[in-house]
Amino acid sequence: MLKQQKIFFDFLRFCIGSAKEIPDSLKEVDWKELYAIAKKQALLGVLFHGIRRLPKELAPEQKLLMQWMVMAEQIRKQNIRLFLDSVKVCKNFENEGFANCILKGQGNALLYPDPYMRTPGDIDIYLAGGRKRVMQYINKVCPNQVMRYHHVDFPVMKTAIEVHFTPSYMFFPIHNSRMQKWFKEVMDLQCSNVVTLPDGYGEITVPTMNFNVIYILSHLYRHVFTEGIGLRQLIDYYFVLVKSEEGRVKNLTALQRELKYLGLWKFAEAVMYVLHEALGLPEEKMIAPIDVNEGRFLLAEIMQGGNFGQYDTRLGSKENEGKLHRYLRMSLRNLRFVKHYPTEALSEPLFRTWFALWKKIHGIR
């Protein structure tokens, strides 16, 4: 398994373009094993992008190749639907008077060598105007939606939509206060950054690359303490760093100061290890030094849990669990992060309790 995991990383670097030559280790590949890892990490489309560039003698056998091709075509069609739906959603909110931008998602897809190779999810859209005004509109169109700290669902089409009042948050109150202040200072610029989608699908508004350097890192960090992160999310971040200022973030010293101020520094060091070890990010494109020990721990979590931790069964099945069971499972899960990220790990259950009480006091569902 470890041998095939190494071959997987070798081939993954070739698929995303950080390695230019076909890896020699591919001669010993077990394609079924690689398919299983890619499926677990939601990377079937990414690996198929590389398979298309292989000579016939190195490609998977015909039956598996056809199965892989079908999955890649489904991913391509999902991306087309998400591109079209993202345009509709942006226009709808603009017409309703909300400045907006699509977070992650189809904006990230544009950074890939092929914008159709990334497995898409839902549409996350930030709306300017504040929680109160956004909720007034959501309640008018889709009453009785459960409000979370940073977003609310907006079920108006087949594609799931999450409407954000704020892009992300931290569990530790001091760092969260700093982060929300930072978002308020920079979000106007993000809502005016228009990009053109491929093949004439239209235009959407997405955050700037420099914003994503901090935002996507914070998004990854938060998911570590909720359900988990997978390689799909790390590849998004790899492309952000590669494309940001042509691979070198402006004012690196100022950025590093910001990461420390927001409580993201230690996590950034672990992420740099994963991006270097698994994805081949060169040292000159890193935003922090590598922390090998923290990086190995994070990579082990990523490979065990899969995409958004969906395959992590260490604390039992998540199917049909009630609120109390989920609360206890997540609290127990986060105990293993206390040694690594104490402020966030210890603050997470307290944050959930505080927000539940806040909603109850304000009569919010």
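Please refer to the structure higher up on the page.
Trainee: Honestly, the overall build of the protein chain in this entry has me stumped. Any pointers?
Mentor: Helices and strands together make up the secondary structure of the protein chain, namely 14 helices and 6 strands. For 365 residues, the compact-globule estimate of 2.2 N^0.38 gives 21 Å, and the C-alpha radius of gyration of the protein chain, at 21 Å, lies within 12% of that figure. Taken across its 365 residues, the protein chain has 56% of its residues classed as buried. Intrachain contacts of the protein chain at a sequence separation of at least 6 include 70% that bridge at least 24 residues. Per element, the accessible surface of the protein chain, about 17,200 Å² overall, is 54% carbon and sulfur. Between the mean site of the 50 positive side-chain charges and the mean site of the 38 negative ones, the protein chain shows a separation of 5 Å.

Trainee: Where do I start with a nonpolar patch on the surface in this structure?
Mentor: The grouping of Leu324, Tyr327 and Leu328 at the surface amounts to a nonpolar patch, some 300 Å² of accessible area in total. Judged by its relative accessible area of 46%, Leu328 falls in the partly exposed class.

Trainee: Sorry if this is basic, but what is going on with the packing of helix α8 (residues 209–224) against helix α10 (residues 252–261) here?
Mentor: In a packed pair of helices, the relevant descriptors are the angle between the two axes and the axis-to-axis distance. Contact pair α8 / α10: the axes reach a minimum separation of 11 Å and the direction vectors enclose 25 degrees. Classified by the angle between their axes, α8 and α10 sit roughly parallel to one another. Remark: the crossing between α8 and α10 carries right-handed chirality. Note on element contacts: α10 touches α8 through Leu255, Glu258 and Leu259, opposite Val213, Ile214 and Leu217. Among the residues making up the contact of α8 with α10, the classes are represented as 5 nonpolar, no polar and 1 charged.

Trainee: Just to check I follow, could you spell out the pattern of salt bridges for this structure?
Mentor: Pairing is possible between side chains that carry opposite charge, provided their charged atoms lie close to one another. Overall, the coordinates contain 12 salt bridges when judged by the stated rule. Among the salt bridges present, the one from Asp85 reaches Lys88, with a minimum N-O distance of 4.0 Å. Here the residue Asp85 and the residue Lys88 both occupy positions in helix α4 (residues 62–95), the gap between them amounting to 3 residues, near one helical turn. When its relative accessible area of 51% is taken as the criterion, Lys88 is described as exposed. As a salt-bridge pair, Arg352 and Glu348 come within 2.5 Å of each other at their nearest N and O atoms. Taken together, the residues Arg352 and Glu348, both in helix α14 (residues 342–361) and 4 residues apart, mark about one turn of the helix. Summarising the burial analysis for this pair, Arg352 and Glu348 share the class buried.

Trainee: What's the story with the environment of Thr159 in this structure? I'm lost.
Mentor: Inspection of the secondary structure puts Thr159 in the loop between β3 (151–153) and β4 (161–164). Non-local contacts of Thr159, meaning those with residues more than four positions away in its chain, are made with Arg81, Leu82, Asp85 and Ile123.

Thresholds, definitions, all that
Residues numbered from 1 in each chain as written. Predicted model: local features only at pLDDT ≥ 70, side-chain atom pairs only at ≥ 80, totals over all residues. Heavy atoms only, no water. Helix = DSSP H or I, 4+ residues; strand = E, 2+ residues; numbered from the N terminus. Rg over C-alpha atoms; globule rule 2.2 N^0.38 Å. Buried < 20%, exposed > 50% of the residue type's maximum accessible area, 1.4 Å probe, protein only. Contact = heavy atoms within 4.5 Å. Areas by Shrake-Rupley, 256 points an atom, 1.4 Å probe, with all protein chains shown as cover. Lys, Arg positive; Asp, Glu negative; His and termini not counted. Charge placed at Lys NZ, Arg CZ, Asp CG, Glu CD. Patch = residues over 30% accessible without salt bridge, like charges linked within 9 Å, V, L, I, M, F, W, Y side chains within 5 Å. Salt bridge = Lys/Arg side-chain N within 4 Å of Asp/Glu carboxyl O. Axes fitted to C-alpha atoms, helices over the stretch in contact; angles between N-to-C directions. Parallel < 35°, antiparallel > 145°, perpendicular 65-115°, else oblique. Left-handed = near helix turned anticlockwise from the far one by under 90°. Nonpolar A, V, L, I, M, F, W, Y, C, P; charged D, E, K, R; others polar.

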